[in-house]
Amino acid sequence: MSKCEQCIVREFSSLKALNKEELLKIADCKSSYIIKKGEPIFEEGENVNGIFCVRDGVCKLSKLSANGKDQIIKLVSKGELLGQRSMISDEPANLSAIALEDMEVCFIPKSEIMPLFNQNNAFSMNVMRAICGDLKEADDHVVDMAQKTVRERLAETLLHLKDTFGTHEDGSLKTQLTREEIGSMIGTATESCIRLLSDFNKSGLIELKGKKIFLKDIKGLKREAE
């Protein structure tokens, strides 16, 4: 049986609509890569010319602002696809995808994916739904940035990291972000993020041990996020 048929990415992404024959074609043309922590999968402005399947690991999707600061838009983990939007719009990537930990990804060329839109209606609908989901998230993010305080956004982000990416056996957040990256996610300066984390730590909402963050009071964090 082809590896693509058994892959976790197929189970959770648009690829689940592909039949065995289509998956075998993809298996023959895909390329697999190990992306080391801190390395780009692709960068803003790059012509991606295909999609990346995230088999393992987590990356950040970010955009450089006019002042040269990195604004994190979204975190992407195993089971998800990257590059769908720019492949369909036929435009360079609008965001950079940078590995937050060592990753395993597969690349499927555009020339192999695009014919599937005509052959498999369920697949094309799945891709459209995924892109619509990204747009909805972007809308929600704009509203959050405009209407929520930085404190509310920090509490919401910490809960999101726990719910989406889980915790280590010791209870610390599995996805380790730098204070700068957390600040970027919630739209504030690194110094402000450090102060807020310290406040949360003093009030017993979280516990800080070096780079590790432990969520100690989930109900309290949910109250802060509302």
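Residues numbered from 1 in each chain as written. Predicted model: local features only at pLDDT ≥ 70, side-chain atom pairs only at ≥ 80, totals over all residues. Heavy atoms only, no water.

### Some remarks on the pairing of strand E7 (residues 96–99)
This is how it is decided: Think of it in three bands: with a 1.4 Å probe and only protein chains considered, a residue is buried below 20% of the maximum accessible area for its type, exposed above 50%, and partly exposed in between. Secondary structure elements follow DSSP: runs of H or I no shorter than four residues count as helices, runs of E no shorter than two count as strands, and numbering proceeds from the N terminus. For two strands to pair, DSSP has to find at least two bridges joining them.
Side-chain alternation along E7 places Ser-96 and Ile-98 on one buried face and Ala-97 and Ala-99 on a second face that is also buried. The sheet contact formed by strand E2 (residues 40–42) and E7 spans 2 bridges and is antiparallel. If you follow Pro-40 over to E7, its bridge partner there is Ile-98. Note: strand E4 (residues 58–64) against E7, 4 bridges, orientation antiparallel. Among the inter-strand pairings, Leu-61 is bridged to a residue of E7, identified as Ala-97.

### A few points about the environment of Phe-52
Which entries qualify depends on this criterion: Residues count as neighbours in contact if any of their non-hydrogen atoms are within 4.5 Å of one another.
Its place among the elements puts Phe-52 in strand E3 (residues 50–56). Sequence-wise, Phe-52 and Lys-148 are 96 residues apart; in three dimensions their C-alpha atoms are separated by 33 Å. In this view, Phe-52 contacts Ile-41, Phe-42, Glu-80, Leu-81, Leu-82, Val-105, Cys-106 and Phe-107; residues no more than four positions away in its chain are not counted.

### With respect to the UniProt feature "domain: Cyclic nucleotide-binding" (unreviewed entry) in the chain
Stated precisely, the cut-off is as follows: UniProt positions are given in the numbering used here, feature names are shortened, and annotations may be inferred rather than shown by experiment.
As recorded in UniProt, the sites labelled "domain: Cyclic nucleotide-binding" (unreviewed entry) are residues 14–117. Across residues 14–117, the secondary structure splits into 23% helix and 41% strand, with the terminal C-alpha atoms separated by 11 Å.

### Examining the packing of helix H8 (residues 179–186) against helix H9 (residues 190–202)
The line we're drawing: Orientation is described by lines fitted to C-alpha atoms, with helices fitted over the stretch in contact, and by angles between N-to-C directions that extend from 0 to 180 degrees. By the definition adopted for this analysis, an angle is roughly parallel if under 35 degrees, roughly antiparallel if over 145, roughly perpendicular if from 65 to 115, and oblique otherwise. Each residue gets one label: Ala, Val, Leu, Ile, Met, Phe, Trp, Tyr, Cys and Pro are nonpolar, Asp, Glu, Lys and Arg are charged, and the others, such as Gly, are polar.
With their axes 8 Å apart at the nearest point, H8 and H9 run at an angle of 100 degrees to one another. Between H8 and H9, the interaxial angle falls into the category roughly perpendicular. From H8, Arg-179, Glu-180, Ile-182 and Gly-183 reach across to H9, where they touch Thr-190, Cys-193, Ile-194 and Leu-197. Among the residues making up the contact of H8 with H9, the classes are represented as 4 nonpolar, 2 polar and 2 charged.

### What about the pattern of salt bridges?
Stated precisely, the cut-off is as follows: Only one rule defines a salt bridge in this text: a Lys or Arg side-chain nitrogen within 4 Å of an Asp or Glu carboxyl oxygen.
Taken as a whole, this structure holds 14 salt bridges when the rule is applied. For the salt bridge of Lys-74 with Glu-80, the shortest nitrogen-to-oxygen distance reads 3.9 Å. What makes Lys-74 buried here is its relative accessible area of 19%. Through salt bridges with shared partners, a single ionic network connects Lys-60, Asp-70 and Glu-181.

### Observations concerning a positive patch on the surface
The test is simple: Residues qualify for a patch when their relative accessible area is over 30% and they have no salt bridge, like charges being joined within 9 Å and the nonpolar side chains of Val, Leu, Ile, Met, Phe, Trp and Tyr within 5 Å. The accessible surface values rely on the Shrake-Rupley method and a 1.4 Å probe; as for residues, cover is taken only from the protein chains in view. Under the convention used here, Asp and Glu are negative, Lys and Arg are positive, and both His and the chain ends fall outside the count. A single reference atom marks each charge: NZ on Lys, CZ on Arg, CG on Asp, CD on Glu.
On the surface, a cluster of positive charge is made up of Lys-162, Lys-219, Lys-222 and Arg-223. The element best represented in the positive patch is helix H10 (residues 218–225), accounting for 3 residues. Relative to the assigned elements, Lys-222 resides in helix H10.

### Quick look at the side chain of Ser-86
We apply this condition: Under this definition, polar contacts are N or O atom pairs within 3.5 Å; protein pairs additionally need one hydrogen-donor-capable and one acceptor-capable atom, and for neighbouring residues in sequence, both atoms have to be side-chain atoms.
Position of Ser-86 relative to the elements: it lies in helix H4 (residues 84–89). Taking relative accessible area as the criterion, Ser-86 reaches 12% and is therefore assigned buried. At 3.5 Å, the side chain of Ser-86 and the backbone oxygen of Gly-83 are in polar contact. Leave out the neighbours within four places in its chain, and Ser-86 touches Val-48, Glu-91, Pro-92 and Ala-93.

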